[in-house]
Amino acid sequence: MHQCDHKRRSARRQICRLVALLSCAFGGLHANADDLFYETHVEPILTQHCTECHSADKRKGELNLTSAESLMRGGESGPVFEAGEPDKSHLYEMVHKGEMPKKGDPLSHEQVETIRKWIAEGAKFKVQPKTAEDELNQHDVLPVVLLRCTVCHGPRRQDGKLQLHTAEAILAGGKSGPALVPGEPDASRMIQRIESHACPPQKDLLRVFVQRPPSGEVEKLRDWISAGAPVVDIAADVATTQPDPLVSDEDRQHWSFQPPKKPADGNSVDDFVHGKLKEQGLTFSPQADRDTLIRRAYIDLIGLPPKLDEWRHWRSRDDSDWYQKMIDQLLDSPRYGERWGRYWLDLAGYADSEGGVSSDPLREVAWKYRDYVIDAFNEDKPYDRFLVEQLAGDELLDVDKAEVVTDEMVENLVATGFLRMGIDQTGSRTMNYVPERIGVIADVINVVGGGVMGLTMDCVRCHTHKYDPIPHRDYYRMKAVFQGAFDEHDWLSFKTRTLEVGTPEQVKKVAAINPPLDKKIKSLNSALSKATAELQKTTLREHNPELPAEDQEAVLVALRTAENQRSLEQKILVEKLQRAELVVDTEQPPAVLAVRREIAVIEADIVELRRQLEPPLAIRATWDRGAPSPTYILRRGDYDKSTRLVGPGVPSALTDGQTPLKIEPPFPYGTPKTGRRLAFARWLTSPEHPLTARVMVNRIWHDHFGTGLVKTLENFGIQGERPSHPELLDWLAIEFVERGWSVKEMHRLIMNSQTYRQSSEVSDEALEADPRGRLLSRMPLRRMNAEALRDSLHFVSGQLDLAIGGPPDSVSVDRDGLVSIVPTENGTWRRSVYLQYRRTEIPTMMDTFDYPEMGPNCLIRSVSTVSPQSLMLMNNDHIRQLAADFAQRVEKLVAGSPELDATVDAVYQLALSRSPSANERTLGIEALRNLEAAWKGDREGPLESYCHTILNSAAFLYVD
């Protein structure tokens, strides 16, 4: 019965098409004199007003309006009209609202009404144009098969020895014979199994994250088979040596789409900045004093104030080049990579957890990528090489075929973690369908687009960019670049996205050290699970003694049940437990506190054992798998609306439009890889690329001054802000490339300039002519970011552990929601870059001082001034303890001297890297005396309070 229904429907469709063709072909014989036809009434309007932008040579929005056939093909958003429904027709909507045509005179009321009436009357043609629907080929059905079938019948798994990921494989069939019979859909086993719901199997739908094909997709498969299952040789849409019809040379004239040009005049940062100032009758502010320059350079380059002996050294030097030597020494410090690597980790969206789901699972070895970035900045790895490794490290050396795995091979693979930092929910039991996978891919493109290329790409996923000349097509060409590693139809979830790779030395160490430690950790984890369950039962019992004993076990079952699956009774039990857990410790029964202490001991033991482990061989990597599925443009970004086949490519606006992306497999006699990402990375790092160097030097400038030469770091497009100093930006970009893509050389150029060494004080004249400081008439006043502030607090108090690298320091969450960092085994704290950043457990202090949400990354941090920041610095127990530790340092430094002026001097020198002014010294002495009087002669309390006050001061919080 089901097959007969399909036969009748198919027959009806064929009859309807025939009737439509006949009625249109002979419509003139029966037409009323008032009938509107495309050829006589609509085509002249479109030719006159629309074909300048929508022709065969220039197809804005993928739309060609020069013929009936091209009109019927529609554009990137699909059909431009719906016969009989003008209000649902994009063509009428655009001309009715006056949004089209964009050039020339608008359509008259009569012309708009003609188009409306033509559509309303059925959109008649004198000669019915041929439509794409009449010419089905394998690329109309492959998207359906890839979406619904290849998880069981694809390149990794072939149930019944059947592969369906290519047209050739479909026609070849499997163990049970041919998958289809050309011309006979009802006799085709493929159709039989789909329509009987045998495929995809009901029991596997959730397990393999597949949904049944809707009737429209089944109909398309039937039509293709009915037509004889034609396979047509269709080349993927890629750039060729012919001009691009979607992006014109006029589109490429925007300043940032042109390669940087060396300015005719100017050969230093100051030349360009001073020239702009002179135009406004301004000049540089006076140079900042030596103490200010020392602290500014230290905070800027290493994120820490100078040690006391370093400050004394640099302020006492009398050689003329002391400042340049200090900059060089700071750039050579291992602390430099920790500071400036953090900025890149923002761009990459670094996090130690996946996000996307409530469990927010940890990424056990994400820290390897963090350490790679820090090392790269310390080594001053050339930026072009840095990018290539992160985008295509797996395609640089053939690790799979190597006789010996080298450090370089491991490093290249670790670098590709750059592409794995976004939010990823595809390892969960319910969020691993194709739409979620495409979302992960979209994040990758957004990170590369906004962070590296300075282009906003998100909107292009659904339609051509509204402002920039980036066609919808170019987004999917970029998607095809990453298809070899991010294939939504051959997916690696975060649970399967690691490689076990190491040098022989690493393999040997791991094998010798880790197994016995892992065994102990496993045993402790088991004990922790039992103790946690016991704590939950004990807490429920002690606070609810009236509950029967069976409810104590029932609560454990309830907690293991998904929240949206719990019964009413289970929800009540969980709520009782949660209320009991929130009771403060001082009011908890002794039995509860006893189990909590037991858990704390077990957790401490686990932390200590983990610290003894050798770094595992696992690498959270990106790697090309050699045989990606085809990439299709998705209409409006919808995963189930595939249209034209495209190949890998780059935004045409950044090329001449006639140069194909040159792609070659990197290991022709080794491991199969496409070489797509490597080709893209090499294009991106070409010295002639218009954006790569500009975007990076602008980021460096932003991180020195708080504002980029282009304020919109992620948007160098038409809607982005124009550069405040365009010649300076181009000069820096050219210098960057010519100096070997050295980031440290950019620091030297910028920080040795008079522009950077200015005072932050502002004159009345500068405030009037340069109110926002865009002309750089002064050094901007900047607050330390979250990492520099926290690290400086620990540094000044003598509690900062400078151990580098390795697994992140874990955090603890108390019952009030305060997220605190667990100290090291010696009771100190490491730098903030080494903390565990779980997306749902950001350390409270970092969060309070604007640590960014990574969704998927952060290109510009917000800087807020809100009351919780002051309240935390004043009231937080840990900050108060750091103030007490700071006071002890001061006491040791002054060696018990009764002179309070020495104490005040020591506080200022340690905390602010300067001596107090005469007035500050007087106020400090007075404050200490008054506090000692209130404390009845006690020195310890008053000094702690005074140190705490200085740590709360604007002078400490701000760089200058």
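Residues numbered from 1 in each chain as written. Predicted model: local features only at pLDDT ≥ 70, side-chain atom pairs only at ≥ 80, totals over all residues. Heavy atoms only, no water.

A. Local environment of the overall build of the chain. In terms of regular secondary structure, the chain is built from 37 helices and eight strands. By its C-alpha atoms, the chain is 115 × 85 × 60 Å across when sized along the principal axes. Across the 960 residues of the chain, 53% fall into the buried class. Summarising the internal contacts of the chain: among those between residues at least 6 apart in sequence, 72% fall at separations of at least 24. Computed over 119 positive and 144 negative side-chain charges, the separation of the two mean positions in the chain equals 4 Å. (Helix = DSSP H or I, 4+ residues; strand = E, 2+ residues; numbered from the N terminus. Buried < 20%, exposed > 50% of the residue type's maximum accessible area, 1.4 Å probe, protein only. Contact = heavy atoms within 4.5 Å. Lys, Arg positive; Asp, Glu negative; His and termini not counted. Charge placed at Lys NZ, Arg CZ, Asp CG, Glu CD.)

B. Layout of the pattern of salt bridges. Scanning the model with the defined rule gives 68 salt bridges in all. Lys-60 is the partner of Asp-251 in a salt bridge, and the nearest nitrogen-oxygen pair spans 3.0 Å. With Asp-251 in the loop between helix H10 (215–226) and helix H11 (269–279) and Lys-60 in the loop between helix H3 (38–49) and helix H4 (68–73), this pair connects stretches of sequence that are 191 residues apart. A salt bridge links Arg-739 to Glu-745; the nearest nitrogen and oxygen atoms lie 3.1 Å apart. (Salt bridge = Lys/Arg side-chain N within 4 Å of Asp/Glu carboxyl O.)

C. Seen up close, the nonpolar core. Ranked by size, the top nonpolar core spans 183 residues in total, and within it Trp-344, Tyr-369, Phe-418, Phe-482, Phe-680 and Leu-732 carry the most contacts. Broken down by element, the residue count for this core peaks at 11 residues, all from helix H19 (residues 434–453). Residues within four places of Phe-680 in sequence aside, it is in contact with Leu-391, Val-448, Met-453, Met-478, Val-481, Phe-482, Val-650 and Leu-661. (Core = buried A, V, L, I, M, F, W, Y, C linked by side-chain atoms within 4.5 Å.)

D. Seen up close, unusual backbone geometry. The peptide bond linking Met-100 to Pro-101 adopts the cis configuration, its omega dihedral lying at -5°. Of note in this structure, Lys-161 is not a glycine but carries a positive phi near 55°. With respect to the helices and strands, the residue Lys-161 is situated in the loop between helix H7 (138–148) and helix H8 (167–172). The phi angle at Asp-380 is positive, at roughly 55°, despite the residue not being glycine. Structurally, Asp-380 can be placed in the loop between helix H16 (367–379) and helix H17 (383–392). Of the residues examined, Asp-380 reaches a relative accessible area of 19% and is grouped as buried.

E. Region of the structure containing the environment of Ala-955. With respect to the helices and strands, Ala-955 occurs in helix H37 (residues 954–957). Leaving out residues up to four positions away in the same chain, Ala-955 has contacts with Arg-295, Leu-912 and Arg-914.

F. Up close: the confidence of the model for the chain. For the chain, the average pLDDT comes to 92, and 96% of its residues sit at 70 or higher. Contacts of residues 1–9 to residues separated by more than four positions or lying in other chains number 11 contacts, the stretch itself having pLDDT below 50. Low pLDDT, under 50, characterises residues 11–30; the stretch is placed with 12 contacts to residues that sit more than four places away or in other chains. (pLDDT = per-residue confidence, 0-100.)

G. Fine view of the packing of aromatic side chains. Following the criterion strictly, the structure yields 26 aromatic pairs and no others. Here the aromatic rings of Trp-340 and Tyr-343 are separated by 4.7 Å at their centres, their planes lie at 75°, and the arrangement is edge-to-face. Taken together, the positions of Trp-340 and Tyr-343, both in helix H15 (residues 334–348) and three residues apart, correspond to about one turn of that helix. Tyr-343 carries the same exposure label as Trp-340, and that label is buried. Three or more aromatic residues joined by ring pairs form one cluster here, namely Trp-344, Tyr-369, Tyr-372, Phe-377, Tyr-383, Phe-386, Phe-418, Phe-736 and Trp-741. In this structure, Arg-342 packs its charged tip against the face of Tyr-837, placed 5.7 Å from the ring centre. (Phe/Tyr/Trp six-rings, centres within 6.5 Å; stacked < 30°, edge-to-face > 60°. Lys NZ or Arg CZ within 6 Å of the ring centre and 35° of its normal.)

H. Quick peek at the environment of Arg-295. Within the secondary structure layout, Arg-295 lies in helix H12 (residues 290–302). On the accessibility criterion, Arg-295 (5% relative accessible area) is buried. Sequence-wise, Arg-295 and Glu-85 are 210 residues apart; in three dimensions their C-alpha atoms are separated by 69 Å. Those residues within four positions of Arg-295 in sequence are excluded, and the remaining contacts are Met-784, Ala-911, Leu-912, Ser-913, Ala-955, Phe-956, Tyr-958 and Val-959. A distance of 3.1 Å separates a polar atom in the side chain of Arg-295 from the backbone oxygen of Phe-956. (Polar contact = N/O pair within 3.5 Å; in protein donor to acceptor, adjacent residues only side chain to side chain.)

I. Inspection of the packing of H7 against H10 at higher detail. Direction vectors running N to C along H7 and H10 enclose 135°, while the axes themselves pass 10 Å from each other. In terms of orientation, H7 lies oblique with respect to H10. In the packing of H7 onto H10, the handedness of the crossing is left-handed. Residues Gln-138, Asp-140, Val-141, Val-144, Val-145, Leu-147 and Arg-148 of H7 form the contact with H10, whose participating residues are Glu-217, Lys-220, Leu-221 and Trp-224. Residues that form the contact of H7 with H10 fall into these classes: six nonpolar, one polar and four charged. (Axes fitted to C-alpha atoms, helices over the stretch in contact; angles between N-to-C directions. Parallel < 35°, antiparallel > 145°, perpendicular 65-115°, else oblique. Left-handed = near helix turned anticlockwise from the far one by under 90°. Nonpolar A, V, L, I, M, F, W, Y, C, P; charged D, E, K, R; others polar.)

J. A look at the packing of helix H34 (residues 900–912) against helix H36 (residues 940–951). In contact at an axis separation of 11 Å, H34 and H36 are set at 35° when each is read in the N-to-C sense. When the axes of H34 and H36 are compared, the crossing they make is right-handed. In this structure, H34 uses Thr-903, Val-904, Val-907, Tyr-908, Ala-911 and Leu-912 to contact H36, whose residues at the interface are Leu-943, Tyr-946, Cys-947 and Ile-950. Of the residues assigned to the contact of H34 with H36, the class counts are nine nonpolar, one polar and no charged.

K. A look at the side chain of Arg-596. Inspection of the secondary structure puts Arg-596 in helix H24 (residues 590–612). Judged by relative accessible area, Arg-596 falls into the buried class, the value being 12%. Residues contacting Arg-596, with those up to four places away along its chain left out, are Leu-535, Glu-581, Asp-585, Gln-588 and Arg-815.

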